[in-house]
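# Structural characterization, general
Listed below are the residues making up each chain.
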Amino acid sequence: MHRGMPKPRDDLLGVAIDVSVELGKMLLNERPTDIQTDEKSSPVDVVTEMDRAGELRARQALARYRPDDAICGEEGVREPGTSGVTWVIDPIDGTTNYLYRLPLWAVSVAAVVDGRIEAGCVHAPAVDMTFTAARSLGAHLVQGGHRSALSVSTAGRLDHSLIATGFGYGSTRRAGQGRVLAEVLPQVRDVRRSGAASMDLCWVAAGWLDGYYERGLHVWDYAAGALIVSEAGGDVSWLAGGAIEPLLIHDGEEPTLIAATPGVKDELHAVLIAASADQVP
Ligand code: LIP
């Protein structure tokens, strides 16, 4: 390392936070009025120029802080690494919200080592919420300059629980997810749909939701949020069974993920199995 070059950092959570905040500032302050978009999997699945710009900014920041690490980003950044650390990045989770100027979007950054999520940050600058977790060190929220520890709710019955979900971008998938929702809705207190999986997961961790499920997420949507939920005492798994870790870092869609406070996880799981949630095309 030449004199004057930045020294690599070993505080993975600190790096996750600094990268997330750097992207958040850019996304808030540099959003063009005539923002350009391209279609992805369907006409309503879009990527904006700011998604791409954010991911490139994350790559530049990580090159400073962690030059030997690998990167996997939603918008296509794939950097090999030699350190054993892989950064899993969604530069804008909740792109549709960002496009419509709704404030519920977040930068999601996770550090993964040998399939274990070691640190994660979900930074939502438009609503002044920064959720963080490091393995075995708990989960926290910084809001209004105040840092507080997160803990899932104490809900113990599904029919009194607030449950979140999300939907894919294809009409066939959405029709199936609507059928599942029709079975879930009468069995819970109510349902919420934020449009950003990372936020839904963090709200479960904060106890503001009692549970969340969604089919078709990608690893960058949930990697940071899953650690934040588990460090807040929540239970995150695949509906079909099995734990989230060892995390498989790939481009494909995932089956149904379910996250909840332990008091309602089993009930929610049973309702989703009865609704064949994982069989939605
Ligand atoms: C979004 C997810 C959300 C899902 C949306 C979309 P994106 O991610 O966070 O839970 O319901 O359809 O996939 O595409 O905004 O990064």
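Residues numbered from 1 in each chain as written. Predicted model: local features only at pLDDT ≥ 70, side-chain atom pairs only at ≥ 80, totals over all residues. Heavy atoms only, no water.

## A word on the packing of aromatic side chains
Quick reminder of the rule: In this analysis, rings of Phe, Tyr and Trp, with Trp reduced to its six-membered ring, are considered paired at centre separations within 6.5 Å, and the interplanar angle assigns stacked below 30 degrees, edge-to-face beyond 60, and tilted for intermediate values. The buried label goes to any residue with under 20% of its type's maximum accessible area, the exposed label to any with over 50%, and the partly exposed label to all in between, with areas taken from a 1.4 Å probe on protein chains only. Put simply, DSSP H or I for four residues or longer makes a helix, DSSP E for two residues or longer makes a strand, and each gets a number counted from the N terminus. Charge over a ring is defined by NZ of Lys or CZ of Arg lying within 6 Å of the ring centre and within 35 degrees of the ring normal.
Inspection of the entire model under this criterion finds 3 aromatic pairs. Seen in terms of ring centroids, Y98 and W105 are 4.9 Å apart; in terms of plane orientation they differ by 85 degrees. Their pairing is edge-to-face. For the residue pair Y98 and W105, the accessibility class agrees, reading buried in each case. Both rings, one in Y222 and one in W238, keep their centres 5.5 Å apart while their planes meet at 90 degrees; by these two values the pair is edge-to-face. Of this pair, Y222 sits in helix 6 (residues 219-231) while W238 sits in strand 14 (residues 235-238), and the two are 16 residues apart along the sequence. Sitting above the plane of the Y98 ring, R31 keeps its charged end 5.4 Å from the centroid. One cation-aromatic arrangement involves R64 over Y65; the distance from NZ or CZ to the ring centre is 5.3 Å.

## Thoughts on the sheet that holds strand 13 (residues 211-214)
Rules: We treat two strands as partners when DSSP finds at least two bridges between them. Helix axes are fitted to C-alpha atoms over the stretch in contact, other axes to C-alpha atoms as well, and angles between N-to-C directions run from 0 to 180 degrees.
In spatial order, the strands read 12-11-13-15-14; together these 5 strands make up an open sheet with mixed pairing. A strand with exactly one partner marks an edge of an open sheet, and here the two such strands are strand 12 (190-192) and strand 14. Along the sheet, successive strands turn relative to each other by an average axial angle of 20 degrees, direction set aside. Sheet analysis places strand 11 (residues 162-165) next to strand 13, joined by 3 bridges and oriented parallel.

## Describing the site of the ligand
Here is the rule: For this description, a residue counts as near a given molecule or strand if any of its non-hydrogen atoms is within 4 Å of it. Nitrogen and oxygen atoms within 3.5 Å of one another constitute a polar contact, given that in protein one can donate a hydrogen and the other can accept it, and given that sequence-neighbouring residues count only through two side-chain atoms. Methods summary: accessible areas were calculated by the Shrake-Rupley approach with a probe of 1.4 Å, and residue burial reflects only the protein chains presented. Three categories are distinguished: nonpolar for Ala, Val, Leu, Ile, Met, Phe, Trp, Tyr, Cys and Pro, charged for Asp, Glu, Lys and Arg, and polar for the others, with Gly belonging to the last.
Inspection of the region around the ligand gives 17 residues, with D93, G94, R193, A197 and E214 positioned closest. Between the ligand and R193 there is a distance of 2.7 Å, counted from an oxygen atom to a side-chain nitrogen or oxygen. Contact with the protein chains hides 93% of the accessible area of the ligand, taken as 370 Å² for the molecule alone. Breaking the shell around the ligand down by element, the ones donating at least two residues are strand 5 (85-93) and strand 13. Per element, the largest residue contribution to the shell around the ligand is 3 residues, and it comes from strand 5. Taken together, the residues that form the shell around the ligand break down as 7 nonpolar, 4 polar and 6 charged.

## Looking at the sheet that holds strand 3 (residues 70-73)
As a reminder, the rule being used: Contacts: residue pairs with any heavy atoms within 4.5 Å of one another.
Taken in spatial order, the 8 strands make up an open sheet running 4-3-5-6-7-8-9-10, and their pairing is mixed. In this open sheet, the two strands that pair with only one neighbour each are strand 4 (78-79) and strand 10 (146-149). As paired strands, strand 5 and strand 6 (residues 106-113) are joined by 7 bridges and run antiparallel to one another. Looking across to strand 6, one finds that T86 is bridged to V112. Strands strand 5, strand 6, strand 7 (116-124) and strand 8 (129-134) of the sheet are contacted by helix 1 (residues 12-29), whose axis makes an angle of about 25 degrees with strand 7. Strands in contact with helix 5 (residues 197-206) are strand 5, strand 6, strand 7 and strand 8; relative to strand 8, the strand with the most contacts, it is inclined by about 75 degrees.

Everything listed here is a matter of coordinates, which is why it stays silent on function.
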